[in-house]
Amino acid sequence: MATSAALLQALLLLGLLGPAAAAGARRAAVVCAGSACYTAHAGKLSAAEAQLHCSRNGGNLATVRTEAEAWHVQRALAQLLQSEAGLEARNRKFWIGLQREKGKCLDPRLPLKGFSWVGGGEDTLFTNWHKEVRNSCTSRRCVSLQLPLSPQPQAGSLPKWSEGPCGSPSIPVSNIEGFVCKFSFKGMCQPLALGGPGRINYTTPFQATSSSLEVVPFASVATVACGDGDHGQEQHFLCREKAPGVFDWGSSGPLCVRPGLVCSFNNGGCQQDCFEGGEGSFRCGCRPGFRLRDDLVTCESRNPCSSGPCTGVATCVQGSHQEDFECQCPPGYQLDASQRGCVDVDECQTSRCPQECVNVPGGFRCECWVGYEPDGRGDGACRDVDECAPGRSPCAQECTNTAGSFHCSCAEGYVPAGEDGAQCQDLDECADPGRGLCDGLCLNTEGSFRCGCLPGWELGADGVSCAPGPTPAPVASSGPPQGEDAGDGAAQGVASAPRSSPTRAPEGASAEAMATKGPSLAPTYPITLAALDVQAPSGPPGVRMEPSTRHPRATAGRGENSDEDFTAKHSDEGTDGQKLLLFYILGTVVAILLLLALALGLLVYRRRRAKKHEEKEKKPQNTADSYSWAPERAEGRASENQYSPTPGTDC
């Protein structure tokens, strides 16, 4: 039994207790079970600060992969709430080690929704989300356990998972009251047994102290003080690995035994049965199916699986000799190098899916590429998505479905527009004069263009070229002809159409047939500007419009044998000719007005300038303006004063 102070000094030198243990570690709620310990801490820290606190002691923020882990965490929180009265009346949240980094989006198909454990991995057999996870990829998100408002957690319910911002040292997250850490170990020791009055205090490698642990982690130090007072002699024990997978304190028998108490105090320190002997002696025993361990206090099952040698999802199967065992893994897992735990098998290495394979803990799932969807047969096969189906097409005009995608295009006369090319805008065919689409004028229309000609020209049958039109006849005289010259002039001013009446029409000739040969004008009917409208198309002045999404040449000649179409075209062209004439008149008037405005401005400027010059000449005169100085040369020529006493001077 190691009881000397030299053992404690050696432990401190090895750093097993740490500075906090030597000086008195901060007390935290501790629960140890299986091969891990869970500690609950109070403090308004950010998730990063909480993780740093756990990692400094060799752990991480707690994982809750199984329901058993969830119950262990709840027990640690219940201990903390009993010792921290200030936490009872608030809606409390505690950080755990489940986070989603910035830029990683929500994946609702996964149990963890795209989150991962800070210690690594995304596997879990247990989830307990409080509400639907927020779909956000722009910030880091962290998960906390949300406890109810009651002072103690309800026995039949586990804390819910709540995700939210991770906080920062300068901006703490509201309602965060603390965090939970997890520390994993290679093995555990059974608690020491007291056969008489005394105290045991355990100091763990993660700098937590406790007097009551179900199992004690490897490398922990137990301080035992026998007696009723506080000044009893202390003994120190170290949990160490005696053999591979076997951990004990290196001591045998109960501690602090008193001869007069034997089995009456704490069952003699025995785990199961205590048998008294003579002269105040006793010994520990085990029930059927168990055997006494080397510490002579605790019992272990004769079934090797009773100690839980397999970890994680592995299950223990007892061997045929009742002393050996084997760890087995569920489907989708395989044994690790220690043969005590299981690791996931990556089924996607064998490419079982037709398109995309996603490995998940214990299995895999098939997904389809973008532009494909599952065909519904359940074998992972995918089928093409018809993006151009009615009601689904993203294209403004024409949509062409392709394998796994689609293609947008525009009708003739339009060009693609927009960032994705799904929209269409009109192509201005007339913007580039060098293309030579029209011989005369070119007018852009929605999806096409139209050609036209200037006054005096006619649009050709091809809808593109222009040809000189017929010269308008002069206005005929309304009076009777005056001799031979008058007759000649009248003949020149009238179109060469025969002067006939309905009674003199040739036999078999209808009025409609005569109308197609050309207009018949009476000698006394004046020719007006309306006669020039035949050369003007609809639309801009002087343009013959042929609305079409094709080239004007494709529409030329259609309907030329139809009298009604011919009349309708001439009517439209007459209207456009009037518009052209009106535009010319308005343009001339505007030009004249501009010239008048310029002349008026020049006149005003000259008048102002003349007025300033006159005002300058009419300045008021002073008294000296009526006098003038005599020239010096005249004084020199004056005769000398003969009365002057001095010649050459005045009196």
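Predicted, not measured: the structure shown is a model, and the values here were computed from it.

A.B. asks: Which residues make up the nonpolar core, and what values do they have?
C.D. replies: Counting residues in hydrophobic clusters, the biggest one holds 34 residues, and the most contacted among them are Trp 95, Leu 192, Tyr 202, Val 224 and Trp 249. Broken down by secondary-structure element, the contributors of at least two residues to this core are β1 (29-33), α3 (47-56), β8 (176-184), β9 (188-189), β10 (198-203) and β13 (221-226). One finds Ala 29, Phe 115, Phe 126 and Val 180 within the second-largest nonpolar core, a separate group that totals 30 residues.

A.B. asks: Could you give an account of the UniProt feature "transmembrane region" (unreviewed entry) in the chain, with specific residues and numbers?
C.D. replies: Per the UniProt record, the feature "transmembrane region" (unreviewed entry) sits at residues 581-605. Between the end C-alpha atoms of residues 581-605 there is a gap of 36 Å, over a span that is 100% helix and 0% strand.

A.B. asks: Explain the state of the cysteines residue by residue, including any values.
C.D. replies: Inspection of the entire model under this criterion finds 20 disulfides. Between the sulfur atoms of Cys 54 and its disulfide partner Cys 181 the distance amounts to 1.8 Å. On the sign convention where negative is left-handed, the bridge of Cys 54 and Cys 181, at about -65° about the S-S bond, is left-handed. Of this pair, Cys 54 sits in helix α3 while Cys 181 sits in strand β8; the two residues are 127 residues apart in sequence, bridging distant segments of the chain. The partner cysteine of Cys 410 in its disulfide is Cys 424, sulfur to sulfur 2.0 Å. Its torsion about the S-S bond being -90°, the disulfide of Cys 410 and Cys 424 is classed as left-handed. Of this pair, Cys 410 sits in the loop between β30 (405-409) and β31 (414-417) while Cys 424 is found in strand β32 (residues 423-426), placing the two residues 14 residues apart along the sequence. Since its relative accessible area comes to 17%, Cys 410 is described here as buried. Exposure remark for Cys 424: the relative accessible area of 21% places this residue in the partly exposed category.

A.B. asks: Quick rundown of α3? Include the residues and the values.
C.D. replies: Among all positions of α3, only Ala 47, Ala 50, Gln 51 and Cys 54 are buried. Angular distribution of buried residues about the axis of α3 spans 100°; they occupy a single face of the element. For α3, the secondary structure elements touched by its buried residues are β3 (60-61), β4 (93-100), β6 (141-146) and β8. After α3 finishes, the residue Gly 58 shows a positive phi value of roughly 95°.

A.B. asks: Could you give an account of the side chain of Gln 51, naming the residues involved and the relevant values?
C.D. replies: Mapped onto the secondary structure, Gln 51 falls in helix α3. If we ignore the near neighbours within four places in the chain, the residues touching Gln 51 are Gly 59, Asn 60, Leu 61 and Val 118.

A.B. asks: Tell me what's going on with the sheet that holds strand β11 (residues 209-210), and back it up with residues and numbers.
C.D. replies: Across the sheet, which stays open at both edges, the four strands sit in the order β11-β10-β13-β14 with antiparallel pairing between neighbours. The strands lining the two open edges of the sheet, one partner per strand, are β11 and β14 (234-238).

A.B. asks: Help me get a handle on the environment of Phe 126, residues and values and all.
C.D. replies: Looking at the element boundaries, Phe 126 is found in the loop between β5 (116-117) and β6. In this structure Phe 126 comes out as buried when scored by relative accessible area, which is 12%. Along the backbone, Phe 126 and Leu 112 are 14 residues apart, and their C-alpha atoms lie at a distance of 9.2 Å. What Phe 126 contacts, discounting residues up to four positions off in sequence, is Val 64, Arg 65, Thr 66, Glu 67, Ala 70, Leu 158 and Trp 161.

A.B. asks: Mind laying out the packing of aromatic side chains, listing which residues take part and the relevant values?
C.D. replies: Two aromatic rings, taken as a pair, are described by how far apart their centres are and by the angle between their planes. Taken as a whole, this structure holds nine aromatic pairs when the rule is applied. A ring pair is formed by Phe 183 and Phe 206, whose centres lie 4.3 Å apart and whose planes are at 5°; its orientation type is stacked. Here Phe 206 lies in the loop between β10 and β11 and Phe 183 lies in strand β8, a separation of 23 residues in the sequence. The exposure class assigned to Phe 183 is buried, which follows from its relative accessible area of 3%. Clustering of aromatic rings is evident, with ring pairs tying together Phe 115, Trp 117, Phe 126, Trp 129 and Trp 161. Its guanidinium or amino end placed over the ring of Phe 218, Lys 186 lies 5.7 Å from that ring's centre, counting from NZ or CZ.

Rules and cut-offs
- Every chain begins its residue count from 1, and numbering advances along the sequence as written.
- The predicted nature of this model means local features are confined to residues of pLDDT at least 70 and side-chain atom pairs, given and counted, to a pLDDT of 80 or more, with totals for whole chains, interfaces and linings taken over all residues.
- Note that the side-chain values use all heavy atoms of the structure and ignore hydrogens as well as water.
- What makes a nonpolar core is a set of buried Ala, Val, Leu, Ile, Met, Phe, Trp, Tyr and Cys residues whose side-chain atoms join them at distances within 4.5 Å.
- Only protein chains enter the accessibility calculation, which uses a 1.4 Å probe. A residue is then buried if its area is under 20% of the maximum for its type, exposed if over 50%, and partly exposed in between.
- The numbering of helices and of strands both runs from the N terminus, where a helix is a DSSP run of H or I of at least 4 residues and a strand a run of E of at least 2.
- UniProt positions are given in the numbering used here, feature names are shortened, and annotations may be inferred rather than shown by experiment.
- Criterion for a disulfide: a pair of cysteine sulfur atoms at a distance within 2.5 Å.
- Taking the helix axis as origin, the arc is that swept by the directions to the C-beta atoms.
- When checking whether two residues touch, look at their non-hydrogen atoms; a contact exists if any pair is within 4.5 Å.
- The criterion for strand pairing is that DSSP finds at least two bridges linking the strands in question.
- Only Phe, Tyr and Trp rings are paired, with Trp represented by its six-membered ring, and only when their centres lie within 6.5 Å; those with planes under 30 degrees apart are stacked, over 60 edge-to-face, the remainder tilted.
- Consider the ring centre and the ring normal. A charge sits over the ring if Lys NZ or Arg CZ is within 6 Å of that centre and within 35 degrees of that normal.

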